[in-house]
Amino acid sequence: MSLVLEPPPPPLSKSKTGAPLKRCFTSIRTALPPPNHRFRASRFPLHPTSSSRPTVTVVLKTEKEKNAVTEQKDPPVRIVAVVGQGSVSPLKCTPWEEVMMHTAKRLKWVDEGYDMVVVTDNFHQSNYQTAMDLQKELACADILLVVAVTNPDSVKWIGTNSGNIPNVICFESDPGLVNKLGGSYVHSEMKGSIFDKVVGISQLKKTDETKEVVQTVSEAWDRCNSDDIRFCLLVIINAYIQPVPTLKNLRSKGFSTLNCMVKNCGPQILDCLMDPNCRKALQCLNKCSPVDQVCNYRCIASFESPKLEAFSLCVLQKNNCLDLDAKIPEKPYVQPMLKFRGKDLCHETAEDLFVGWMGSLDWSWRVVAGQNPAYDQFPCQYQLFYRGKAKGSFWYEPVFQVKTLEGELVWRRRKYRVKRANVPGTFYFSVLDNGVVSKEYWTIVDVSEDFSWGLFHYHGAARVAGQSYTGAVLVSPDGTYPKQTQSNRLSSALEKCGIKEWELYTVDNCACQDPPLGIPEGSSLHSMLDAKDQSWSSV
């Protein structure tokens, strides 16, 4: 794909500028962020009710008033998603309309002020009032997302009514639809790999920022999962509308970052650059958007080494040279299971549910499927939970396989310290992962009485890496999906997490020879329950 630099068409021109945005798209020019595109028309009746934005308190200091306080609210971000009537997504063949409705709900977890209307493209066949209402929505939209729209009448209607929207992105849709970012038109030419040729070197600096947004959004969309669909919208909001706190992180803060690294971590930097694996990791990370967790963690898992750990430990964890500070997400709120086998859940029983089949088997659980695209998609995932030698200590060691970016299959293992939270069935996890500390809040959502399956949810953050995340894992003793008789209960458990079953990645458990299992000698297992006493016949 090459970048072609050309002027945008005149305002309100009906001529077509730009080719399709299907899977990937590139920018032809970068403009300054558009003026505040916020005039408000009447709300579209199908739009979900939104609550007010969190207020931001600003302290104004003057010579006479050092603590004058005012409150201001950011205006809401308005998104309209138009999907092809009857179109089907690659997410387990789920209708695009359902995927986008769920995306609208998940955007609220990031910010209550993110409002998204979802409509199908048969609006022009509906009554006149429906089309008029949609026109009002488009008149004040910040982003128009078009997915799988190919009907000629729909394409014409969208082209006529979207001229004033600063951000228009179209996927899997008719080539005649035009794409814009920050008020600038996006033009793409498919000529092989993404960005393999740039035409117009004099304009390169102007296009760099938009090019990075384009590449990040294109690659995320191609991964075909619900997290990355939401991520695409957040990237655009952050770049062209208003800052998204979870995406505020930049890889470098300029001279202060470089000065911090050289002053505090010179030997670690040199060791990393001299080590082939560590050097590959840095080169790989440099190609990722700093806010793209999937891309970043694939680099880390592929090229992890002691030199990379020492580098990250010094630059990020000990000295925080990038000056980042991610926090554990508060939403969605997930309630832990309250009872097990008819009795109120206590801390000891909850820990036993984590320990699971350990003792009867060489592992506690195997992961059947997971929701997070960065951390839950690895093949052959084993969970090892156990009580340590020290009184009250509890540990979690996941063992999983990684297919590196060079095509090699390798085993990886982590070690988490686990502490009880206030409510039984909730826990605090912490781990040093390649030199960076991640802290997580886990919830036991449900475990079947016969230990045939369980569902665990987590919120987490790697503070100094500037990354926050959520996810969930469905587990069973042998890595197979729960029986059909459990489908209603499983759906209910997933609903408590705000997760649809079509969001889950199915873990490849087919080729898992010789996993590096085993727990420290002297560890203990169950306190009140024991899975080996169950007569579950599949193990």
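Here the structure is shown first, and the text comes after it.
Remember, it's a predicted structure, so these values are computed and weren't measured experimentally. (Residues numbered from 1 in each chain as written. Predicted model: local features only at pLDDT ≥ 70, side-chain atom pairs only at ≥ 80, totals over all residues. Heavy atoms only, no water.)

Counting residues in each nonpolar core, the largest one holds 47 residues, and the members touching the most others are Leu353, Phe354, Phe429, Ile444 and Phe456. Broken down by element, the residue count for this core peaks at 5 residues, all from strand β15 (residues 394–403). There are two domains that each give this core at least three residues, and those are domain 2 (255–318) and domain 3 (339–506). The residues contacting phenylalanine 354, other than those within four sequence positions of it, are Ser364, Trp365, Phe385, Phe394, Phe427, Phe429, Trp442, Ile444 and Phe456. Listed in part, the 40 residues of the second largest apolar core include Ile143, Ile169, Ile229 and Leu233. (Core = buried A, V, L, I, M, F, W, Y, C linked by side-chain atoms within 4.5 Å. Buried < 20%, exposed > 50% of the residue type's maximum accessible area, 1.4 Å probe, protein only. Helix = DSSP H or I, 4+ residues; strand = E, 2+ residues; numbered from the N terminus. Domains from an automatic or database assignment. Contact = heavy atoms within 4.5 Å.)

All of the buried residues along helix α11 (residues 487–496) are Leu490, Ala493 and Leu494. With its buried residues spanning 100° around the axis, α11 presents them on a single face. Buried positions along α11 lie against β19 (436–447), β20 (454–462) and β21 (467–476). Glycine 498 sits one or two residues past α11 and shows a positive phi near 70°. (Arc of directions from axis to C-beta.)

Turning next to the pattern of salt bridges. Overall, the coordinates contain 23 salt bridges when judged by the stated rule. With a closest N to O distance of 2.8 Å, glutamate 304 and arginine 414 form a salt bridge. With a gap of 110 residues between them, glutamate 304 in the loop between α8 (293–303) and α9 (306–318) and arginine 414 in the loop between β16 (409–413) and β17 (416–420) connect regions that are remote in the sequence. Judged by its relative accessible area of 18%, glutamate 304 falls in the buried class. (Salt bridge = Lys/Arg side-chain N within 4 Å of Asp/Glu carboxyl O.)

Following the sequence through the fold, threonine 120 ends up in strand β5 (residues 114–120). Side-chain polar atoms of threonine 120 contact the side chain of glutamine 85, separated by 3.0 Å. Within the structure, threonine 120 has its side chain in polar contact with the side chain of asparagine 122 (distance 2.7 Å). Apart from the residues within four sequence positions on either side, threonine 120 is in contact with Val83, Gln85 and Glu97. (Polar contact = N/O pair within 3.5 Å; in protein donor to acceptor, adjacent residues only side chain to side chain.)

Right, let's talk about helix α7 (residues 276–287) for a bit. Relative to the 16 Å expected for 12 residues at 1.5 Å per residue, α7 spans 17 Å between its end C-alpha atoms, a close match to the ideal helical length. Taken as a whole, α7 has its buried residues at Cys278, Ala281, Cys284 and Leu285. An end-on view of α7 places all buried positions within 125° of arc, on one side of the element. Counted as exposed and oriented over 90 degrees from the buried face of α7: Asn286 and Lys287. Of the residues that open α7, the one with a side-chain oxygen 3.3 Å from the backbone nitrogen of asparagine 277 is aspartate 275. (Expected span 1.5 Å × (residues − 1).)

Another point: the environment of asparagine 167. The residue asparagine 167 is located in strand β7 (residues 167–171) in this model. Classification of asparagine 167 as buried rests on a relative accessible area of 1%. With 74 residues separating them in the primary sequence, asparagine 167 and isoleucine 241 have C-alpha atoms 9.3 Å apart. In contact with asparagine 167, not counting residues within four places along its chain, are Asp142, Ile143, Leu144, Lys180, Leu181, Gly182, Ile236, Tyr240 and Ile241. Within the local environment of asparagine 167, its side chain forms a polar contact with the backbone oxygen of aspartate 142, the two atoms lying 3.0 Å apart.

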